[in-house]
Amino acid sequence: MNYSDEIPELGRVATELDGRIIGGRLTVNGAATVSKATAASKINVQTKRKKEAQTLQAKLAAKAAQLGPLLRELSPIDRLRKLREEITGRIVFTTSFGLEDQVILQMLVESDIDVDLVTLDTGRLFPQTYDLWAEIEIRVGRRIRAIYPQQAEVAALVDREGINGFYKSREARLSCCHIRKVEPLGRALAGAQAWITGLRAEQSAGRRDMALVSSEKDCRLIKLNPLFDWNRKTVYDFATSHNIPLNPLHAKGFASIGCAPCTRAIAPGEPERAGRWWWEDETKKECGLHV
Ligand code: SF4
């Protein structure tokens, strides 16, 4: 086997004496030399991991393909029930306390569906969001587990970019979203078999291309968006008919609510997510949670 062709980090070094090749070693990243046995063992581990990842991906894709048509015919609440029946292991629901998430939380609690309730506290949320968080915990009688960014990462980010550095460039904004949201989400979903979100197709052009059920290869789980095909009015009507407390910012024109410095109210007729990162290109408005 040609190791250096299989693994780009590996190279070969020949030992020459008086013009003759008398030996050879493999190199890793052009530096430390390793024996052939060590290199072979590395290859075996990598090959095994790759095969395991491929097998898992194939299984997840097959499960998502099986669940898709099954859940499409059901109401959102029955989709949640069915997901619980079909999935063995931990299911995580991530809420940001927006309209859709409040409705899903009500459905989960009403039907006593066993899921892990989680929120990502970026440290930059609106005061109204924190108030609603406290209020909804009392209403449902459950703690919503908060996942926080890594303190050292936030400190380094603020040191590098400034406290509101995300306005400077898309790279700085994505970096902030990664540290405050994406990395904590990874910890929230670690070891889970499924993930429930409040994403809807109508929310943006990018989200229309997503699906009711999908396999998330990076997170190694099934993702369900139970309100995927509901429009905003239907979600809102459900909330009002069930007396669900909503973030008061919705009534002030904030259709989609995230971090305070990156969210504004929208004008009538504007797309729902126009108030998020409004200074950026409309087609690229995701924080990395849903890709
Ligand atoms: Fe940072 Fe804004 Fe992203 Fe929140 S939405 S994590 S403040 S860039």
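First, a word on scope: everything that follows refers to the structure included in this document.

Definitions and limits used
- Residues numbered from 1 in each chain as written.
- Predicted model: local features only at pLDDT ≥ 70, side-chain atom pairs only at ≥ 80, totals over all residues.
- Heavy atoms only, no water.
- Helix = DSSP H or I, 4+ residues; strand = E, 2+ residues; numbered from the N terminus.
- Contact = heavy atoms within 4.5 Å.
- Areas by Shrake-Rupley, 256 points an atom, 1.4 Å probe, with all protein chains shown as cover.
- Phe/Tyr/Trp six-rings, centres within 6.5 Å; stacked < 30°, edge-to-face > 60°.
- Buried < 20%, exposed > 50% of the residue type's maximum accessible area, 1.4 Å probe, protein only.
- Lys NZ or Arg CZ within 6 Å of the ring centre and 35° of its normal.
- Near = heavy atom within 4 Å.
- Nonpolar A, V, L, I, M, F, W, Y, C, P; charged D, E, K, R; others polar.
- Pairing = 2+ DSSP bridges.
- Right-handed = clockwise from strand over helix to strand, strands pointing away.
- Axes fitted to C-alpha atoms, helices over the stretch in contact; angles between N-to-C directions.
- Parallel < 35°, antiparallel > 145°, perpendicular 65-115°, else oblique.
- Left-handed = near helix turned anticlockwise from the far one by under 90°.
- Arc of directions from axis to C-beta.

1. A closer look at the overall build of the protein
For the protein, the count of helices and strands is 9 helices and 9 strands. Contacts in the protein between residues at least 24 apart in sequence constitute 63% of all its contacts with a sequence separation of at least 6. Carbon and sulfur atoms form 53% of the exposed surface of the protein, whose accessible area is close to 15,200 Å².

2. Looking at the packing of aromatic side chains
All told, the structure shown has 7 aromatic pairs when counted by the stated rule. Between Trp230 and Phe238, the ring centres sit 6.1 Å apart and the planes meet at 55°, which makes this aromatic pair tilted. Geometrically, the ring pair formed by Trp278 and Trp279 is edge-to-face, given 4.9 Å between the ring centres and 90° between the ring planes. Judged by its relative accessible area of 34%, Trp278 is partly exposed. Note on Trp279: relative accessible area 29%, which makes it partly exposed. Through pairs of rings, three or more aromatic residues link up here, namely Phe166, Tyr167, Trp278 and Trp279. Its guanidinium or amino end placed over the ring of Trp277, Arg173 lies 4.2 Å from that ring's centre, counting from NZ or CZ. For Arg276, the ring lying beneath its charged end belongs to Trp277, and the centroid distance is 4.9 Å.

3. Topic: the site of the ligand
All residues adjacent to the ligand are Phe166, Arg173, Cys176, Cys177, Arg180, Lys181, Cys259, Cys262 and Trp277. Among the residues making up the shell around the ligand, the classes are represented as 6 nonpolar, no polar and 3 charged.

4. Observations regarding the pairing of strand 8 (residues 213-216)
If a strand is regular, its side chains alternate between the two faces of the sheet. As defined by bridge partners, strand 8 adjoins strand 9 (residues 221-224) across 4 bridges and the pair is classed as antiparallel. Each bridged residue has a counterpart across the sheet, and for Val213 the counterpart in strand 9 is Leu224.

5. A closer look at the pairing of strand 4 (residues 91-94)
Residues Ile91 and Phe93 line one face of strand 4 and the alternating positions Val92 and Thr94 line the opposite face, and both faces are buried. Relative to strand 7 (residues 194-196), strand 4 runs parallel, the two sharing 3 bridges. Following the sheet pairing, Val92 is matched in strand 7 by Trp195. As paired strands, strand 4 and strand 5 (residues 116-120) are joined by 3 bridges and run parallel to one another. Residue pairing for strand 5: Thr94 is matched across the bridge by Val118. Between the parallel elements strand 4 and strand 5, the chain passes through helix 4 (residues 99-110) in a crossover that is right-handed.

6. What to know about the packing of helix 2 (residues 36-72) against helix 3 (residues 76-86)
The packing of two helices is summarised by the inter-axis angle and the distance between the axes. Interaxial distance between helix 2 and helix 3 falls to 10 Å at its minimum, and their mutual angle equals 150°. One finds that helix 2 runs roughly antiparallel with respect to helix 3. Our pair here, helix 2 against helix 3, has a crossing hand that is right-handed. Residue-level contacts link Lys63, Gln66, Leu67, Leu70, Leu71 and Arg72 of helix 2 to Arg79, Lys82, Leu83 and Glu86 of helix 3. Classifying every residue of the contact of helix 2 with helix 3 by side-chain character gives 4 nonpolar, 1 polar and 5 charged.

7. Section: helix 3
At 3.6 residues per turn, the α-helix brings residues three or four places apart onto the same side. Within helix 3, burial applies to Pro76, Ile77, Arg79, Leu80, Leu83 and Arg84. Buried positions in helix 3, seen along its axis, are confined to an arc of 160° and lie on one side of it. Those residues of helix 3 that are buried are in contact with helix 2, strand 4, helix 4, strand 7 and strand 9.

8. Thoughts on the sheet that holds strand 6 (residues 145-147)
What the 6 strands build is an open sheet, ordered 6-5-4-7-9-8; its pairing is mixed. The sheet is open, and its two borders are formed by strand 6 and strand 8, each paired with just one other strand. Sheet twist, expressed as the mean angle between neighbouring strand axes with direction ignored, is 30°. Pairing of strand 5 with strand 6, which is carried by 3 bridges, proceeds in the parallel orientation. Paired with Leu120 across the strands is Ile147, a residue of strand 6. Relative to strand 8, helix 2 is tilted by about 170°, and along the sheet it contacts strand 8 and strand 9. Across the sheet, helix 4 lies against strand 4, strand 5 and strand 7, angled at about 140° from strand 4, the strand it touches most.

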